[in-house]
Each structure stands twice: as C-alpha cells, then as structure tokens.
Amino acid sequence: MIRRVLPHGLGRGLLTRRPGTRRGGFSLDWDGKVSEIKKKIKSILPGTPCDVLPDTSHLPPEHSDVVIVGGGVLGLSVAYWLKQLENRRGGMQVLVVERDHTYSQASTGLSVGGICQQFSLPENIQLSLFSASFLRNINEYLAVTNAPPLDLQFNPSGYLLLASEKDAAAMESNVKVQKQEGAKVCLMSPDQLRNKFPWINTEGVALASYGMENEGWFDPWCLLHGLRQKLMSMGVFFCQGEVTRFVTSSQRMMTTDDEMVTLKSIHEVHVKMDHSLEYQPVECAIVINAAGAWSAQIAALAGIGKGPPGTLQGTKLPVEPRKRYVYVWHCPQGPGLETPLVADTSGAYFRREGLGSNYLGGRSPAEEEEPDPANLEVDHDFFQEKVWPHLALRVPAFETLKVQTAWAGYYDYNTFDQNGVVGPHPLVVNMYFATGFSGHGLQQAPGVGRAVAEMILEGSFQTIDLSPFLFNRFYLGEKTQENNIM
Amino acid sequence: MEQELGDPSLRLVAPMWNGTRGIHRLGGAVVPEGNQKKERKMLQFLNNHFYDVEALRGYLLQREMSKVHLKNRSFTWLEEQHGPYSAGAFFILKQGGAVKFRDKEWIRPDKYGHFSPEFWNFREVPVEAVDASDCEINYEGLDNLLLLKELQSLSLQRCPHVDDWCLSRLYPLADSLQELSLAGCPRVSERGLACLHHLQNLRRLDISDLPAVSNPGLTQILVEEMLPNCQVVGVDWAEGLKLGPEEQPQDTASPVPA
C-alpha cells in the first residue's frame, strides 16, 4: 500500500523544483528528504502509527568481525593495532562499544599519566619501552591527513624511586634487569641524591633508582583523542551502549587425556542503548574484553567462573575496581622544575604539575584500608592522615602546602598478582582479555594492544612474549608478581 | 630543502603547488594567508570527499617522514672504521651543519653540500663545537651526535625536529657541554627544558624565541633557578608581566629594564 502511495501522493512533490534544491541533488539532503517523506505519509494516513523508516543511526551494526567491549585506551589500542596489522585494507570490521561516551568514570581520563620502565618483570619493561617509542613517534603512528599534529604534553622528567634498607637489595636486582632490557636507569646513593635534589630529606633512604630517559608523564586525554580520531579515519565503528548478554554456542570435545571439555564460543553480543530497553544483537566472531574496572562483569556474562570452584570452569576473572585518590596542592617553596615523579619508601608519590608550583600525588592505601569502590567520592581525611605526613617527611618544603583539588579513579586491580591479563580464555575460545593492569594500563596500552592484535591475527605473540600474562595462570596458581606497584 | 627551512619568512607559509612540499604540510599547524587560504580550503574539500586525494596526501607525508629517517640513520660502520669523532662529524656535515675540531678551523659544507674530507684523518682529535642550526636532526639522529663525547658547544637553532624527547637524551654530554643554544626550535617546550638540569657544566644557555613555551618569562626564572651556574639568555623576565594601573602604558616591544 505504501508503494502505491509514494508515486501518487508524492510524485509531484518530489519533482517540482523548489528554491534551494539542485537538479539531481538527491544525495545531498537525504535526511531532510526522508523526514519530508515521513511527514507526507503521516498527513495522508493520519491514523497509522507506522514508522516507515525508523532512525537507527545510534545502533551498532548488525554484524561485526570484532567487538571490543570498552572504549578506554586499552580497547582503542587493540582496535588500532587490529586495523594496522590486518593483511588487507578494510579486511576486518571492528566495533568499539563504550557504555559512557563522556568517559566520566573511565580510568584512562582520571589517570596521573605516568610512564616508567622501572618494573621487576622483563615483559613489563619491554611493554613500557615500546609504549615510550610509540608516544615519541605518535604523529607517525596516528597521522590523520588534515588533522593537526598531536601534542601529548610529555614531561621527560623521569621517575625517582626511593628504597629503604630492606628493599635496597630488591631494587638493585630490579635495576639490573631493567638495564639488561634496555631501560636507562641509574642507581643513586643518599649523598648523590642530596647533591642532585637538595630539597629531599634522605632519612630512611638507602638507595634510589632514577630513570633518565623515556620516563615521565603525559596527557592521557590527548592519547585517547588521537586514537579515536585515527580509528574513525580507519573505519572503526563506535557505539555507545552497554553489553548485556552474550549468546554462546558450545561444543563438547575430548582432550588428549580423554577428558570431556565444553568449549564455548560467542556468536552474538547484545548491546543495550542508554535509558531504554532497546538493544541490538551484533553477530561477531571475536570479542575483546577491555572493560577495565568492570571486566569481571563482562567475563561473568560469558559464563567465565560459572562452575565448581577449583576447576577451570570455576575460575573467575580476578579483576575488581579499586578506588584511588589523587590530590592537587600548591606549595610555593616546593621543588623546582627538575622534579621527577618521586615515589617514596612509604608508597606516597608526587610530581610537579605545570609551571605554577602545583603538585599532584597520592598513595595506595593498605589492604585493610581499601575505600569502597561504589562511587568516586574523595576522602580528604586520607590525605591529611596517610599521605601528607609522608610527603612532609620526605620533602620538608611540603609542610606548608594547600590542597587545591582532588579526584578519584578506579584501578582495574588484579587481586591475584597485580599484573595484566592478556590473551584468549581457554574455554570461551573467542574472548580475548586486555585488562587487569592495576594502575599501569595506560603506560602499557600500545604494547598490549599490539600483543592482542598479534594473538588474534597470527595466533601467537610475535614481538613481546606475554605468555606469563595469559588467563591460565589463575587456574594453575602461578603468580606473575610485579613488585613495583604504586 | 634546508634553505627553505632556514629562511624564517618561508618557514611556515609554504605555497601549495610548490612541488610536493606544500601539499603534505601538517594540516592545522600552519596559518595560511589570503590566496593560500582558498587553496587550502579546496584541498581540504577534496581530501574529505575523495579517498584518492586522502591516500595521496598520506603517501606524500609518509615519504617526507622516511626522508627524515634516512637522514638520521646510525653510522655504526663509520664509527668502527674511523672512530667516533669522525663519524659524528660526518653526520653533522652531511646534514648541513658545521663542526670544529680541537685546535682546528670550522669545517662547513658549501652551498652544494660539499665539504673537505680532511677530517677523516683526525682520528684522535675530539670535536669541540657543533653548529647544527637548521639541520633535520631528530631523536634517532642524536645517536650519532652523542658519539662526540667531549663536545663543549652545541647549537641546535631552528631545528624543526628537535623536541622535548631529544632534550632528555643530552645528559651523556653533561661532563663537557658548556654552551647550548636552542633558539627558534618550534617543538621545544618548558617540559623539555626541565631535563637540562643534568648539564651541570653548562655556562651559557640560549632559549630565545621558543614558540612552544607557554610562559617564557616564568620559564626563564625557573630554568635560572635550576641551573645556578649558567647564564640563561634569550627571554627577558619581565615579558608577560602585566603593567600595574599606576604605571604608564609602554611600548610592549621594548623590554622593561631589569
């Protein structure tokens, strides 16, 4: 019936030339024409509530090769490397699903933005080194024609880690590993420390390690924006919605030891729109879990952890959100322009912010003092009681400081061993993880993105071997412990 | 190529159809004027509507970048054959800069890029001073520059690819470097200047005309505090200060006497 109506009722309307329209210019005002057609239909058939051409521009596409759950720096990095390393241009259709397009609770934007190579695990050091070279050449990696070059506001001031007597031996061996991997780190004694940084009080410090190159801090929003821009130019789809369901199909298979194992694969993702019950089922081949602090919920949707405890089916993803505070204060007599990011023996850290004697810093609370991660409210008493005394002890100038502002953000904290989870799940065969980095996800994002893309495209890690970060270790109980966490 | 970079009036406003150099200039970083604005608008229109134009521009940009990379490759073989000083000197001379060996005269390439090969014989003579103004040295190229362990004076004026990352690599020269000039480098900001504190023997630092530094007067004060034995030249500390209501409005071009 509608087809008959169109030429009769609207034929004349479409063919008359109105001022402002161009001959043959159909494609230039498609949306306007569609709304005019809808209005005409409504006027002709006033009673019919039919929505002839419903607006679906906010929904994700119905098919996508890869669905990335989470649009933070890790998710975007995986998307970037997938498109960069694919064999044929346009060969892979990638969809990034992000629940909150304002990124109000995303760890990326709330991060302090530091990058350093002073880790104890060689894999972490290599990831940070690669990320430093990525950030250095960011205008080659993320070049978009017609867009201005990115300015990351990188401060190459380095990290200064202080160690007390009991940690000094561990620090020495860590620095040895770091130097072997190619990081430019040097050890300093308390005397050298006093010479170089006269504002430090070296009481209780036995040894310090100072990163000379490729360490510092930068603006994470700029990286996020640059990645987003580049991805849009490469043809990645973005969708704002929440993943509410995975539709899986299972297969029972026999292992070489003659045990029955149920392998699942996700073939559909249900993406629910904001403030409505509307959802779109997206058929997909691969799902990447880069949901940060909420990765465990996404993993639970896929059935990871639903089984008797102690078995592979019953091993949950041990990533949970942990709230961390960052405080900004002003101290006119504070350390000068050369201040690195100083991490004290007590775990308190601080760095300079800008030219105006502002500093920001914080401290990781002890296990028993962990704040409630239900919201991002800031606890100012924590600064007064747990952070300021340590700062004032280490830098006497900080006795007179004035807190300007503060914020809180989540760590996607891996309760098992505080290191990331990368790679496929052994039972849900097409879900890949890129999460759980417990506070250093931002600085390792480029390297991790590349590793996950290599895993998907080639089947194994090609450049940096992240096998110690696979999911299996949670079942096998093998901890890949990282000692230098801030 | 170097001539175009060296001449400040031509530096940022490159004509569009001047071979390939105009098309690929990084989009928003340049402020075109008048006629060039129209051309740039048309170019952007073409870029947004045709994949071919976008691909061509992307290709030309990649080609320019790979040219810079080629210029900054590591001369490890030369270092093994002729020693670090000659290899480093060759790198600078090839880029278009000038070198001065200890007790010898300055060696400069002429306008055709040719230079005298006598420095190959100076195996043990260290290089004292390097004038790398307007050279396309970048982070990788510093590998070669850092071979010159006993360098005393370094001039990196108006180098377009020297940025904050490069400044963080200069610390190996801390024992010998006494004079450093960064005047006119478009990518150096106050964050890079912060890592010059390793250069404790520096006696003269020129940080004039750095467009990326947000607050030149304050930066000068902070750098002077950071390097107490060094004479920091280039920015007057009063620049950027607002005149109080009781002072007469002065010509802002003339600096307030210190």
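All figures in this text were calculated on a predicted structure; none of them were measured in a lab. (Residues numbered from 1 in each chain as written. Chains lettered and ligands numbered in written order. Predicted model: local features only at pLDDT ≥ 70, side-chain atom pairs only at ≥ 80, totals over all residues. Heavy atoms only, no water.)

1. Quick word on the overall build of chain B
To be explicit about the condition: Runs of H or I in DSSP of at least four residues are treated as helices and runs of E of at least two as strands, each being numbered from the N terminus. Accessible area is worked out with a 1.4 Å probe on protein chains only. A residue is then buried under 20% of its type maximum, exposed over 50%, and partly exposed in between. Any pair of residues with heavy atoms lying within 4.5 Å of one another is described as a contacting pair. Using a 1.4 Å probe, the Shrake-Rupley method yields the accessible areas, and only the shown protein chains count as cover for residues.
Along its length, chain B carries 10 helices and 7 strands. Within chain B, the proportion of its 258 residues that are buried is 47%. Expressed as a percentage of contacts within chain B between residues at least 6 apart in sequence, the contacts between residues at least 24 apart total 65%. Carbon and sulfur atoms provide 53% of the accessible area of chain B, an area that totals close to 13700 Å².

2. Considering the domain arrangement of chain B
All names here are of chain B. To keep things clear, this is the line we draw: Boundary definitions for the domains trace back to an automatic or database domain assignment. Two parts placed together each lose some accessible area under a 1.4 Å probe, and adding up what both lose gives the buried area.
Segmentation of chain B into domains returns domain 1 (40-72) and domain 2 (74-233). Taking the mean C-alpha position of each, domain 1 and domain 2 sit 31 Å from one another. The interface of domain 1 with domain 2 comprises 4 residues on the first partner and 10 residues on the second. The largest contributions to the domain 1 side of the interface with domain 2 come from Val68, Lys71 and Asn72, which together make up 90% of the buried area.

3. Examining the confidence of the model for chain B
All names here are of chain B. Worth spelling out the cut-off: One confidence number per residue, pLDDT, is output by the predictor and ranges from 0 to 100.
Of the residues in chain B, 78% have a pLDDT of 70 or more, and the chain-wide mean is 81. Below pLDDT 50 for its whole length, residues 1-30 participates in 51 contacts with residues either more than four positions away or in separate chains. Here residues 251-258 is a poorly scored stretch, pLDDT under 50, and it has 5 contacts once near neighbours within four places are set aside; other chains count. Note on the complex model: pTM 0.85, ipTM 0.81.

4. Considering the sheet that holds strand 4 (residues 159-163) of chain A
Note: strands within a sheet are paired through backbone hydrogen bonds, in either parallel or antiparallel orientation. Residues and elements named next belong to chain A. Counted only if it meets this: Pairing between two strands is assigned when DSSP locates at least 2 bridges connecting them. Helix axes are fitted to C-alpha atoms over the stretch in contact, other axes to C-alpha atoms as well, and angles between N-to-C directions run from 0 to 180 degrees.
What the 8 strands build is an open sheet, ordered 5-6-4-13-14-15-12-16; its pairing is mixed. Of all the strands in the sheet, the pair left with one neighbour each is strand 5 (185-188) and strand 16 (402-414). The average angle at which neighbouring strand axes cross in this sheet is 20 degrees, direction not considered. Of the pairings in the sheet, the one linking strand 4 to strand 6 (residues 207-211) comprises 4 bridges and is antiparallel in character. Paired with alanine 163 across the two strands is leucine 207, which belongs to strand 6.

5. Brief notes about the nonpolar core
Counted only if it meets this: Residues grouped as a nonpolar core are buried Ala, Val, Leu, Ile, Met, Phe, Trp, Tyr and Cys residues, joined through side-chain atoms within 4.5 Å.
Counting 112 residues, the largest nonpolar core has A:Leu223, A:Ile288, B:Val130, B:Leu180, B:Leu193 and B:Leu196 as the members making the most contacts within it. Residues within four places of A:Leu223 in sequence aside, it is in contact with A:Val73, A:Phe134, A:Leu135, A:Ile138, A:Leu152, A:Phe218 and A:Leu442.

6. Re the sheet that holds strand 1 (residues 98-101) of chain B
Residues and elements named next belong to chain B. Pairing in this open sheet of 7 strands is mixed, and the strands run 2-1-3-4-5-6-7 from one edge to the other. Among the strands making up the open sheet, the edge pair consists of strand 2 (106-107) and strand 7 (231-233). Pairing analysis gives 3 bridges linking strand 4 (residues 153-155) to strand 5 (residues 179-181), with the strands arranged parallel. Looking at strand 5, one finds that serine 155 is bridged to serine 181.

7. Looking at unusual backbone geometry
The backbone of A:Tyr103 sits at a positive phi, close to 55 degrees, despite the residue not being glycine. Residue A:Tyr103 is classed as buried on the basis of its relative accessible area of 8%. For B:Asp134, which is not glycine, the phi dihedral falls at a positive 60 degrees. Inspection of the secondary structure assignment puts B:Asp134 in the loop between strand 3 (127-131) and helix 7 (142-145). Using a relative accessible area of 14% as the deciding quantity, one classes B:Asp134 as buried.

8. Describing the interface of chain A and chain B
Under the convention used in this document: Any Lys or Arg side-chain nitrogen found within 4 Å of a carboxyl oxygen on Asp or Glu counts as a salt bridge.
Opposite the 28 residues of chain A that make contact, chain B presents 33 residues. Between chain A and chain B lies a buried interface of about 2800 Å² when both sides are counted; carbon and sulfur atoms form 61% of it. Counting the surface chain A buries against chain B, the share from its top three residues, A:Asn146, A:Leu337 and A:Leu355, is 25%. For the pair chain A and chain B, the number of links is 2 salt bridges. Between A:Glu213 and B:Arg169 there is a salt bridge, with its nearest N and O atoms 3.8 Å apart.

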